[in-house]
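Understanding the architecture of this molecule
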Amino acid sequence: MNFNIQHSVSLQPYNTFGLNITTKYFTILNNKNQLQDLPHLIQAYPKFMFLGGGSNVLFINDYDGLIILNELKDIIILDNNNNYIDIEILSGNIWHDTVQYCVAQNWYGIENMALIPGTVGAAPIQNIGAYGTELKEVLLQVKAVNLNNGQLETFSNSDCNFGYRDSIFKNKYKNKYYIYSIIIRLQHHGELNTSYGAINQVLQNKGIAQANIKDVFNAVIEIRSSKLPNPKELGNSGSFFKNPIVGKNILFNIQQQYPTIPFYTVDDAHVKIPAAWLIEQSGFKGKRIGNTGNHKDQALVIVNYGNATGQEIWQHAQTVIKTVQEKFSITLEPEVNVIA
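Residues numbered from 1 in each chain as written. Predicted model: local features only at pLDDT ≥ 70, side-chain atom pairs only at ≥ 80, totals over all residues. Heavy atoms only, no water.

So, about unusual backbone geometry. Excluding glycine, residues mostly carry a negative phi; peptide bonds, for their part, are mostly trans. Its identity as a non-glycine residue notwithstanding, Asn 106 has a phi of 60°, on the positive side. Even without being a glycine, Ser 329 presents a positive backbone phi close to 60°. By the element assignment, Ser 329 lies in the loop between α8 (310–328) and β20 (337–339). Taking the relative accessible area as the measure of exposure, Ser 329 reaches 53% and is therefore exposed. (Helix = DSSP H or I, 4+ residues; strand = E, 2+ residues; numbered from the N terminus. Buried < 20%, exposed > 50% of the residue type's maximum accessible area, 1.4 Å probe, protein only.)

Bringing the state of the cysteines into the picture now. Under the counting rule described, the total for this entry stands at zero disulfides. Not engaged in a disulfide, the cysteine Cys 160 finds its nearest cysteine sulfur in Cys 102; these two sulfurs lie 18 Å apart. Looking at Cys 160, the relative accessible area reads 0%, which means it is buried. (Disulfide = S-S within 2.5 Å.)

What follows is about the layout of surface pockets. Considered as a void within the structure, the second largest pocket measures approximately 880 Å³ in volume. Looking at the second largest pocket, it is lined by 35 residues, and the ones nearest its centre are Met 49, Phe 50, Ile 125, Lys 174 and Asn 337. Those elements giving two or more residues to the lining of the second largest pocket turn out to be β3 (48–51), β5 (63–70), α3 (122–126), β12 (177–187) and β20. Among the elements that line the lining of the second largest pocket, the one with the most residues is β3, at four residues. Class assignment for the residues of the lining of the second largest pocket results in 18 nonpolar, 13 polar and four charged. (1 Å grid on protein atoms, 1.4 Å probe; cavity = no way out; pocket = protein on both sides within 12 Å on 5 of 7 lines; lining within 4 Å. Points joined across faces, edges and corners; volume = space filled by probe spheres on them. Nonpolar A, V, L, I, M, F, W, Y, C, P; charged D, E, K, R; others polar.)

Once that is clear, we can look at the environment of Ile 339. Its location among the elements puts Ile 339 in strand β20. Overall, the relative accessible area of 13% leaves Ile 339 in the buried class. Once the C-alpha coordinates of Ile 339 and Gln 141 are considered, the two residues, 198 residues apart in sequence, prove to be 28 Å apart.

Both strand β10 (residues 139–146) and strand β11 (residues 152–156) contribute to a ladder of five bridges, which runs antiparallel. Bridging across to β11, Gln 141 finds its partner in Ser 156. (Pairing = 2+ DSSP bridges.)

We now examine the sheet that holds strand β7 (residues 84–90). In space, the five strands of this open sheet follow the order β6-β7-β12-β10-β11, with antiparallel pairing throughout. This sheet does not close on itself; its edge strands, each paired only once, are β6 (75–80) and β11. Shown here is a sheet whose adjacent strand axes are inclined to one another by a mean of 20°, direction ignored. Looking at chain direction, β7 and β12 are connected through seven bridges and run antiparallel. Within β12, the residue paired with Tyr 84 across the bridge is Gln 187. (Axes fitted to C-alpha atoms, helices over the stretch in contact; angles between N-to-C directions.)

As defined by bridge partners, strand β1 (residues 6–10) adjoins strand β2 (residues 22–29) across four bridges and the pair is classed as antiparallel. Following the sheet pairing, Gln 6 is matched in β2 by Phe 26. Across six bridges, the pairing between β2 and β5 is parallel. Bridging across to β5, Leu 29 finds its partner in Asn 70.

As structure tokens, this is what we get:
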């Protein structure tokens, strides 16, 4: 096989929580010729996991299997006309670097998703999104290697069954495919989305009346940087929980005590409530317990203050979930991939 298998490798450099955990086996995927050997590799190591930026994963214990570090990188232009451009992005590319590259070319569509941590391979699995934009809005296809037979298969947007931070690759096809690339369509003359969150406020503060794509990109970076700690300085995985979608009856009940609760309408019967608000109202913003806790500027972020274990972080997360459930009758779901 075209894989170099290492033994007992620390994953501390490969997870943004900075957890000092070890994987039993470790290898790197950085050559397209290795794709043909993936089924044989999986047969030899039936417990496996692909790892990209390590930004959306919490290892509770040492990993008793094979970690495959994904480093396949390239961006290919497939179609370019006066209206749009279709590009194929290999899954090992860093997502933010990809956004930065597209913005520099004045290609509209993903500028609101700047500074989302992780690699492109995680993007369709999570249906990543931020500030009113989701990947599914620009995605045309996902190319993935069937780990059973090694065939490269193509999934259309509808095939992916995208939901809120969800897709078919996170459920039905979990561990059955390796995401090789995504194909997205960006616009040469797109419309900017500045209505979500604090983007408009940042633009106003800077005196920008007619924003361009780079202005929005920079505004999103400024907002995220002010709220989210740098994982290189303070271990974290960004947003730990999903924003819950609940029935309007639940919102109505909460409004009796909290009339100013923020929410976003999803449809006629459902609303999305910011998890950060629920967590803050439950008393966890800035609360530290031992080596972990919720960040002082963003309650949605659970951090490692230096020596936390995965078990400590997960125990704290469970405490947050239980408290929010008791207070608001809403059960928070982790956005991170928890590996037991």
